[in-house]
Amino acid sequence: MNHNQENLAARAAPALFVLLWSTGFIGTKYVINNADPLTYLAIRMAIVVGLMAIIAAIARPKWPDRTGIAHSAVAGILVHGFYLGGTAIAIAHSIPAGLSALIPGLQPILTSTIANRWLGEKVTPVQWGGLVLGLGGVVLILHNRPMTGEAGLGWLASVASLVSITLGTLYQRRYCNHIDWRAGNLVQFVAVTIFFAAGAFLFEDRVVHWTREFVLALGWLAVALSIGSIGLLYWLIRHAAATSVASLFYLVPAVTSLMAYLLFAEKLDALAIGGMAMCAAAVFVVNRRV
């Protein structure tokens, strides 16, 4: 890849990541209509393990040592396990697809706070201002939403997703950056398949309706999300500071909400639209060169 192609990839990667990541919430709503959340995730991850095994067999990457395998397994449980599990459970507990992205959308604030101390990354005053701006945008999108009863359980699952994806992103950057992504991802997906399968057998009836809608959504989530967007996320983590990568998550609620409006008629009011504009401005501020 020449210099111009590298620059083009670097410019296109964030937008592509936001688009792909946002479709995950939409696809999850489709599959949850046809399967228990942890059961669906166990099936999805088993498919991904098969695909990644084929990729690894062809590429023959260098495999990590025992320490690297352990770090990859932990990162996988955080990035895929609790994050995806929390999102699926939130949607299963009546949280609209567009809103299920909101609590994890607070990730930039939490990431910057931890990265500033744990990774030694300097977060400038201008970037802190952008992060607070994005937080305000998420609050506007979230206004006037029910927070109790079944919805309360859904929001609690979303909080678990927020903490998990934040810690997982930072853990990946600190301990797994040197691991070949093909070998590392295969280890991660094997670990999280076991994690979801155990959860499904312990807590669910393992109901699955193999409808056309379920199969198509499952295929998209397994290939475009678990391989495409996760690979892109790890590429961004290797090539950018944790704070800059995390700021992209501010755009996910807005993009997801627009998709949900078009597909499921989940409505947006003027304050929510204003919040989306604030989130977009936040990403620009955090990623500007100062």
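Since we're looking at a predicted model, the values are computed, not measured.

What counts, and where the lines are drawn
- Residues numbered from 1 in each chain as written.
- Predicted model: local features only at pLDDT ≥ 70, side-chain atom pairs only at ≥ 80, totals over all residues.
- Heavy atoms only, no water.
- Phe/Tyr/Trp six-rings, centres within 6.5 Å; stacked < 30°, edge-to-face > 60°.
- Lys NZ or Arg CZ within 6 Å of the ring centre and 35° of its normal.
- Helix = DSSP H or I, 4+ residues; strand = E, 2+ residues; numbered from the N terminus.
- Contact = heavy atoms within 4.5 Å.
- Axes fitted to C-alpha atoms, helices over the stretch in contact; angles between N-to-C directions.
- Parallel < 35°, antiparallel > 145°, perpendicular 65-115°, else oblique.
- Left-handed = near helix turned anticlockwise from the far one by under 90°.
- Nonpolar A, V, L, I, M, F, W, Y, C, P; charged D, E, K, R; others polar.
- Patch = residues over 30% accessible without salt bridge, like charges linked within 9 Å, V, L, I, M, F, W, Y side chains within 5 Å.
- Areas by Shrake-Rupley, 256 points an atom, 1.4 Å probe, with all protein chains shown as cover.
- Salt bridge = Lys/Arg side-chain N within 4 Å of Asp/Glu carboxyl O.
- Buried < 20%, exposed > 50% of the residue type's maximum accessible area, 1.4 Å probe, protein only.
- Lys, Arg positive; Asp, Glu negative; His and termini not counted.
- Polar contact = N/O pair within 3.5 Å; in protein donor to acceptor, adjacent residues only side chain to side chain.
- Expected span 1.5 Å × (residues − 1).
- Core = buried A, V, L, I, M, F, W, Y, C linked by side-chain atoms within 4.5 Å.

Regarding the packing of aromatic side chains
Then comes step 1: As enumerated under the stated definition, the model contains seven aromatic pairs in all.
Then comes step 2: Ring plane angle 65° and centroid distance 5.5 Å describe the contact between Phe195 and Phe196, whose orientation is recorded as edge-to-face.
Then comes step 3: Joined through ring pairs, the aromatic side chains of Phe17, Trp21 and Tyr83 make up one cluster.
Then comes step 4: Just above the ring of Phe264 sits the side chain of Lys29; from NZ or CZ to the centre is 5.3 Å.

Digging into the environment of Trp63
Then comes step 1: Checked against the element boundaries, Trp63 lands in the loop between helix H2 (37-59) and helix H3 (66-92).
Then comes step 2: Trp63 sits 124 residues away from Val187 along the chain, and the two C-alpha atoms are 9.6 Å apart.
Then comes step 3: With sequence-adjacent residues up to four places away left out, Trp63 is seen in contact with Ala56, Ala183, Leu186 and Val187.

Focus: the packing of H3 against helix H8 (residues 181-203)
Angle between the axes and distance between the axes are the two parameters that describe a pair of packed helices.
Then comes step 1: Close contact between H3 and H8 brings their axes to 7 Å; oriented N to C, the two are set at 55°. Relative to H8, the element H3 is oriented oblique. The handedness of the crossing between H3 and H8 comes out as right-handed. The segment H3 lies against H8, with Ile69, Ser72, Ala73, Ala75, Gly76, Ile77, His80, Gly81, Phe82, Leu84 and Gly85 engaging Gly184, Val187, Gln188, Phe189, Ala191, Val192, Phe195 and Phe196.

Quick look at the packing of H2 against H8
Then comes step 1: Two elements in contact, H2 and H8, have axes whose closest approach is 8 Å; the angle formed by their N-to-C orientations is 155°. As the angle between them shows, H2 and H8 are arranged roughly antiparallel. Once H2 is placed against H8, the crossing between them reads as left-handed.
Then comes step 2: Broken down by class, the residue content of the contact of H2 with H8 amounts to 20 nonpolar, four polar and one charged.

Things to note about the environment of Ile179
Then comes step 1: Inspection of the secondary structure puts Ile179 in the loop between helix H7 (149-175) and H8.
Then comes step 2: C-alpha of Ile179 to C-alpha of Gly68: the two residues are 111 residues apart in sequence and 7.2 Å apart in space.

Concerning a nonpolar patch on the surface
Then comes step 1: Among the surface-exposed residues, Ile47, Leu51, Ile54, Ile58 and Val223 lie close enough to one another that they form a single nonpolar patch of about 440 Å² accessible area.
Then comes step 2: Per-element tally for the nonpolar patch: the top contributor is H2, with four residues.

Observations regarding the pattern of salt bridges
Then comes step 1: Under the defined criterion, the tally for this structure stands at one salt bridge.
Then comes step 2: Between Arg182 and Asp180 there is a salt bridge, with the nearest N and O atoms lying 2.7 Å from each other.
Then comes step 3: By relative accessible area, Arg182 is classed as partly exposed at 23%.

Examining the side chain of Glu204
Then comes step 1: Here Glu204 lies in the loop between H8 and helix H9 (212-239).
Then comes step 2: Buried charged residue Glu204 carries no salt bridge. Nearest counter-charge: Arg206, at 7.3 Å.
Then comes step 3: Within the structure, Glu204 has its side chain in polar contact with the side chain of Thr39 (distance 2.8 Å).
Then comes step 4: When near neighbours in sequence (up to four residues on either side) are disregarded, Glu204 contacts Asp36, Pro37, Leu38, Thr39 and Gly199.

Brief notes about helix H11 (residues 251-264)
Helical periodicity: at 3.6 residues per turn, an α-helix aligns residues three or four positions apart in one direction.
Then comes step 1: An ideal rise of 1.5 Å per residue puts 20 Å on 14 residues; H11 measures up with 19 Å between its terminal C-alpha atoms.
Then comes step 2: One or two steps after H11, the chain reaches Ala265, where phi turns positive at roughly 60°.

A closer look at the side chain of His71
Then comes step 1: Topologically, His71 is positioned in helix H3.
Then comes step 2: Residue His71 is classed as buried on the basis of its relative accessible area of 18%.
Then comes step 3: Apart from the residues lying within four places of it in its own chain, the contact partners of His71 are Tyr171, Tyr175 and Cys176.

So, the nonpolar core
Then comes step 1: Grouped together as the largest cluster of nonpolar side chains are 48 residues, with contacts concentrated most on Phe17, Trp21, Tyr40, Phe196 and Leu233.
Then comes step 2: Setting aside anything within four residues of it in sequence, one finds Trp21 in contact with Tyr83, Ile165, Leu225, Ser229, Ile230, Leu233, Phe249 and Val252.
Then comes step 3: Ranked by size, the runner-up nonpolar core spans six residues in total, among them Ala90, Ile95, Trp155 and Leu162.

Description of unusual backbone geometry
Then comes step 1: Of note in this structure, Arg60 is not a glycine but carries a positive phi near 50°.
Then comes step 2: Relative to the assigned elements, Arg60 resides in the loop between H2 and H3.
Then comes step 3: Judged by its relative accessible area of 73%, Arg60 falls in the exposed class.
Then comes step 4: Unlike most non-glycine residues, Arg206 shows phi in positive territory, near 60°.
Then comes step 5: Checked against the element boundaries, Arg206 lands in the loop between H8 and H9.
Then comes step 6: Accessibility expressed as a relative area gives 37% for Arg206, which makes it partly exposed.

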